[in-house]
Amino acid sequence: MKRLLLVLIVVAIALSPILLLAVAVPTEKDPVAAARAVALSEKLRCLVCQNQTIADSNAELAADLRRQIHEQIAAGKSDKEIVDYMVARYGDFVLYQPPVKSTTLLLWAGPALLVLVGFIVLARTVRARRARPATPEMSAEERERAARLLRGDTAKDAS
Amino acid sequence: MAENVADSIREPERASTKRLLIPLAIFVVLVAFLLIGLTRDPREVPSPLIGKQAPAFTLKQLHDPAKTLGPADLKGQVWLLNVWASWCVSCREEHPLLIELGKTKVVPIVGLNYKDEPAAGMRWLTENGDPYNTSVVDRDGRVGIDWGVYGVPETFVVDKTGAIRYKQIGPITLEALQTKILPLVRELQKS
């Protein structure tokens, strides 16, 4: 009887980590929901450590916001509803991909604009270089004067 | 004749000096933008809640958990919501100012004890003084999220209709209190 009790205790101790694990992973039961939660938290910025997403960040606020995402997914909210919920509280800044608005137009159009300006400058430079003759043309008078200077006859050139 | 030649030499030179100035001009503009950027605090994210109704809550009072308090109970008066916690270091920085403000009784201050142990919060208030008319307990930070809190301390000014009119991110400074918060409170109290 004593031995049986001992065996039971050993088995219980051996199994306890497995039992704990089973309790600790409730959200992983639904892989689709888990994937959605990860995808969403990778789109949202943590406001405490501003260059990290709430998926990357260890800040308490990020953990709370991840919890919010899990809860809202479990409550059947759509991705858009969850994102809107975050934007309503923290503004567009929480979005890693800012929406196209009048205030963000320059941000979105900026790179294309820079490329455009670059092409214009390039085209103008190339055209100007083509238009310029390889060697500058000299008039007959200039040739004569150059020849005079080369001969060392500077007296007449002094003006 | 000789002058003509000299001119024809100088002309392209002048054009190229002008061209050389273009990068300098771009650089100056860039530096101007960067200098403006230096004066701004990237941690201060403008709240989308300004001008909107304060998010509702009903939370237990810190000193009397049997009672609750929420924005609905404060309708009709101008009030401040100050988000604080015993673990928050910069809360100590603004605390003397809050104590002074509390003494003047100009405006009721509600404390939101954010993600804190109620016992630790109460001990902190006994040690440092309690400027709050009432403190409420936001144990898990859910109300904080509703109010867009991301850095403690934060202070909100709520008007008589229950709309948020101003948000101070980080500790209240004497300057912010004198130039922004108090004038706004007085103006809102008149209306």
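This structure is a prediction, so every number in the text was calculated from the model and none was measured.

A. The overall build of chain B, seen in detail. When its secondary structure is counted, chain B shows 5 helices and 7 strands. Reading the helices (α) and strands (β) of chain B from amino to carboxyl end gives α-β-β-β-α-β-α-β-α-β-β-α. Once the C-alpha set of chain B is aligned to its principal axes, its extents read approximately 105 × 35 × 30 Å. For chain B, the proportion of its 191 residues judged to be buried stands at 44%. Placing the 23 positive and 22 negative side-chain charges of chain B at their respective mean positions leaves the two points 4 Å apart.

B. Representation of the packing of aromatic side chains. Residue and element names in this part refer to chain B. Considering all chains together, one arrives at 6 aromatic pairs over all chains under this definition. Ring geometry for tryptophan 79 and tryptophan 147: centres 6.4 Å apart, planes at 65 degrees, overall edge-to-face. Residue tryptophan 79 is found in strand 3 (residues 79-84), and its partner tryptophan 147 is found in the loop between helix 4 (142-146) and strand 6 (154-158); the two are separated by 68 residues along the sequence. Here the two residues tryptophan 79 and tryptophan 147 agree in accessibility, since each one is buried. Aromatic side chains tryptophan 87 and tyrosine 114 sit 6.5 Å apart centroid to centroid with 50 degrees between the ring planes, which places their arrangement in the tilted category. Pair noted here: tryptophan 87 is in the loop between strand 3 and helix 2 (89-104) and tyrosine 114 is in strand 4 (residues 109-114), with a separation of 27 residues, a long-range link. For tyrosine 114, a relative accessible area of 5% corresponds to the buried category. Through pairs of rings, three or more aromatic residues link up here, namely Phe57, Trp79, Trp147 and Phe156.

C. Spotlight on the interface of chain A and chain B. Across the contact, 21 residues belong to chain A and 18 residues belong to chain B. Counting the surface lost from both chain A and chain B, the interface buries some 1,700 Å², and carbon and sulfur atoms represent 48% of this. Put simply, chain A and chain B have 4 salt bridges between them. Of all elements in the fold, only helix 3 (60-74), helix 4 (79-90) and helix 6 (140-151) of chain A reach the threshold of two or more residues within the side of chain A that touches chain B.

D. The side chain of serine 57 of chain A, seen in detail. Residues and elements named next belong to chain A. Inspection of the secondary structure puts serine 57 in the loop between helix 2 (31-43) and helix 3. Among the residues examined, serine 57 registers a relative accessible area of 1% and is labelled buried. Not counting the four nearest positions on each side in its chain, serine 57 is found in contact with Cys46, Cys49, Gln52, Ala62 and Arg66.

E. Here's a closer look at the sheet that holds strand 3 of chain B. Residue and element names in this part refer to chain B. Within the open sheet, the 5 strands sit side by side as 5-4-3-6-7. Their pairing is mixed. With one partner strand each, in any of the chains shown, strand 5 (134-138) and strand 7 (164-169) form the two edges of the open sheet. With direction set aside, neighbouring strand axes in the sheet form an average angle of 20 degrees. Here 5 bridges tie strand 4 to strand 5, and the two strands are oriented parallel to one another. Bridge assignment links valine 110 to a residue of strand 5, and that residue is threonine 134. Sheet strands in contact with helix 5 (residues 174-190) are strand 3, strand 6 and strand 7, and its direction is about 165 degrees off that of strand 7.

F. View of the nonpolar core. Core analysis: the biggest nonpolar cluster contains 69 residues, and Ile69 of chain A together with Leu81, Trp147 and Val157 of chain B have the highest contact counts within it. Every residue in contact with tryptophan 147 of chain B, bar those within four places of it in the chain, is listed here: Leu49, Ala54, Pro55, Phe57, Pro71, Trp79, Leu81, Phe156, Val158, Ile164 and Lys167 of chain B.

G. Main features of the pairing of strand 7 of chain B. Within strand 7 of chain B, 5 of the 6 residues are buried, leaving the element largely enclosed by the surrounding structure. The antiparallel hairpin formed by strand 6 of chain B and strand 7 of chain B contains 5 residues in its connecting segment, where glycine 162 of chain B sits at a positive phi of about 90 degrees.

H. Summary view of unusual backbone geometry. Residues and elements named next belong to chain B. Between valine 152 and proline 153 the backbone carries a cis peptide bond, its omega angle lying at -5 degrees. Take proline 153: it is sitting in the loop between helix 4 and strand 6. In this structure, lysine 105 takes a positive phi of about 55 degrees despite not being glycine. Among the secondary structure elements, lysine 105 is positioned in the loop between helix 2 and strand 4. Residue classification places lysine 105 among the exposed residues on the basis of a relative accessible area of 72%. One non-glycine residue, lysine 115, lies in positive phi territory at about 45 degrees. On the secondary structure map, lysine 115 appears in the loop between strand 4 and helix 3 (118-128). Classification of lysine 115 by relative accessible area gives buried; the value is 16%.

I. Seen up close, the pattern of salt bridges. Inspection of the entire model under this criterion finds 15 salt bridges over all chains. Residues aspartate 146 of chain B and arginine 89 of chain A are paired through a salt bridge, measuring 2.9 Å at the closest nitrogen-oxygen approach. With aspartate 146 of chain B in helix 4 and arginine 89 of chain A in helix 4, the pair connects residues from two separate chains. Put simply, Glu60, Asp64, Arg67 and Glu71 of chain A together with Lys115, Asp140 and Arg142 of chain B are held in one network by salt bridges that share partners.

J. Structural view of the confidence of the model for chain A. When pLDDT is averaged along chain A, the result is 82; 79% of the residues meet or exceed 70. Confidence drops under pLDDT 50 across residues 20-26 of chain A; counting only partners more than four residues distant or on other chains, this segment forms 0 contacts.

Rules and cut-offs
Residues numbered from 1 in each chain as written. Chains lettered and ligands numbered in written order. Predicted model: local features only at pLDDT ≥ 70, side-chain atom pairs only at ≥ 80, totals over all residues. Heavy atoms only, no water. Helix = DSSP H or I, 4+ residues; strand = E, 2+ residues; numbered from the N terminus. Buried < 20%, exposed > 50% of the residue type's maximum accessible area, 1.4 Å probe, protein only. Lys, Arg positive; Asp, Glu negative; His and termini not counted. Charge placed at Lys NZ, Arg CZ, Asp CG, Glu CD. Phe/Tyr/Trp six-rings, centres within 6.5 Å; stacked < 30°, edge-to-face > 60°. Contact = heavy atoms within 4.5 Å. Buried area = accessible area lost by both parts, 1.4 Å probe. Salt bridge = Lys/Arg side-chain N within 4 Å of Asp/Glu carboxyl O. Pairing = 2+ DSSP bridges. Axes fitted to C-alpha atoms, helices over the stretch in contact; angles between N-to-C directions. Core = buried A, V, L, I, M, F, W, Y, C linked by side-chain atoms within 4.5 Å. pLDDT = per-residue confidence, 0-100.

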